[in-house]
Amino acid sequence: MLFARLKELATEVQRVHVVYNPKQSRWLIRLAQDAARQQHLELHTQEAHDLKTAIQCYQTVLAGADEMRDVIWLPQDSITADETVILPLILRESWNRRLLVFSSSFAHVKRGVLFSLYPDNVGLGRNLAGSALHYLKAGRVQVRGLSPLQNVQLAINLRTAKHLGLRFSSEQESAF
């Protein structure tokens, strides 16, 4: 869903760079590789097991990034999306270079990241109520297994969007 929103907001984007700690995010990167292909994006991944390596990886990404085609994705990762060292570095450099950055953390949007998705609690409640009603009607529990989160809202930093030269219709802005 993050990549689909990315393509809606910035259609010219071709490459997504992500630095991740495999202990925390390997499972997510596997899913992201498939999702990137579906959105016709190249996903460039770099592993970082510690903060020092993460900084070096980001410096490499930033040095070679093309602001017209490349973006940086910050996953929810305590090392590679560290809020005291990594986030300020990424935000400063991306602002200076007009490079799009999106995050899996809602809190990063307030700090200057372009966008993030977050759970739509009302939608989740409706799904839960629907499941409960189905149970009451059927009289038994239907085994459904796990399903990915589909009920999400988009948080976008309009100041960052304006700085990046992104323009949205009034209908789009009211949906953010």
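Predicted model, so just to flag it, every value in this text is computed and none were measured.

> Outline unusual backbone geometry, supporting the account with residue identities and numerical values.
Within the chain, His-40 stands out as a residue other than glycine whose phi angle is a positive 60°. Inspection of the secondary structure assignment puts His-40 in the loop between α2 (22–38) and β2 (42–47). A positive phi angle is found at Arg-98, which is not glycine, with a value near 55°. Tracing the backbone through its elements, the reader meets Arg-98 in the loop between α4 (86–97) and β4 (100–103). The class of Arg-98 is partly exposed, set by a relative accessible area of 41%.

> An account of the side chain of Ser-94 is needed here, citing residue identities and associated values.
Structurally, the position occupied by Ser-94 is in helix α4. Judged by relative accessible area, which is 6%, Ser-94 ranks as buried. Every residue in contact with Ser-94, bar those within four places of it in the chain, is listed here: Leu-99 and Val-101.

> Can you tell me about a nonpolar patch on the surface, naming the residues and giving the values?
Taken together, the side chains of Leu-133, Tyr-135 and Leu-136 define a hydrophobic patch exposed on the protein surface, amounting to about 350 Å² of accessible area. Within the element layout of this structure, Leu-136 appears in helix α6 (residues 121–138). Here Leu-136 falls in the exposed class, since its relative accessible area comes to 64%.

> Quick one: what's the story with the nonpolar core, residue by residue and with numbers?
Counting 28 residues, the largest nonpolar core has Phe-3, Leu-6, Val-16, Trp-73, Leu-100, Phe-102 and Phe-115 as the members making the most contacts within it. No other element matches the four residues that helix α1 (residues 2–9) contributes to this core. Of all hydrophobic cores here, the second largest spans 20 residues; its members include Ala-48, Ile-79, Ile-90 and Leu-91.

> Mind laying out the packing of aromatic side chains, listing which residues take part and the relevant values?
Tallied over the entire structure, the rule returns five aromatic pairs. For the pair Phe-3 and Phe-102, a centre-to-centre distance of 6.2 Å together with 85° between the ring planes defines the contact as edge-to-face. Here the residue Phe-3 occupies a position in helix α1, and Phe-102 occupies one in strand β4, the gap between them amounting to 99 residues. By the burial criterion, Phe-3 is buried, and Phe-102 matches it. Following the ring pairs from residue to residue traces out a cluster consisting of Phe-3, Trp-73, Phe-102 and Phe-115.

> Which residues make up the pattern of salt bridges, and what values do they have?
When the charged atoms of two side chains with opposite charge come close together, those side chains can pair. Following the criterion strictly, the structure yields six salt bridges and no others. Between Asp-66 and Arg-69 there is a salt bridge, with the nearest N and O atoms lying 3.4 Å from each other. Residue classification places Asp-66 among the partly exposed positions, given a relative accessible area of 23%. The salt bridge partner of Glu-83 is Arg-111, with a shortest N-O separation of 3.8 Å. Note that Glu-83 is positioned in the loop between β3 (70–74) and α4 and Arg-111 in helix α5 (residues 107–111), a separation of 28 residues in sequence.

Rules used in this analysis
- Residues numbered from 1 in each chain as written.
- Predicted model: local features only at pLDDT ≥ 70, side-chain atom pairs only at ≥ 80, totals over all residues.
- Heavy atoms only, no water.
- Helix = DSSP H or I, 4+ residues; strand = E, 2+ residues; numbered from the N terminus.
- Buried < 20%, exposed > 50% of the residue type's maximum accessible area, 1.4 Å probe, protein only.
- Contact = heavy atoms within 4.5 Å.
- Patch = residues over 30% accessible without salt bridge, like charges linked within 9 Å, V, L, I, M, F, W, Y side chains within 5 Å.
- Areas by Shrake-Rupley, 256 points an atom, 1.4 Å probe, with all protein chains shown as cover.
- Salt bridge = Lys/Arg side-chain N within 4 Å of Asp/Glu carboxyl O.
- Core = buried A, V, L, I, M, F, W, Y, C linked by side-chain atoms within 4.5 Å.
- Phe/Tyr/Trp six-rings, centres within 6.5 Å; stacked < 30°, edge-to-face > 60°.

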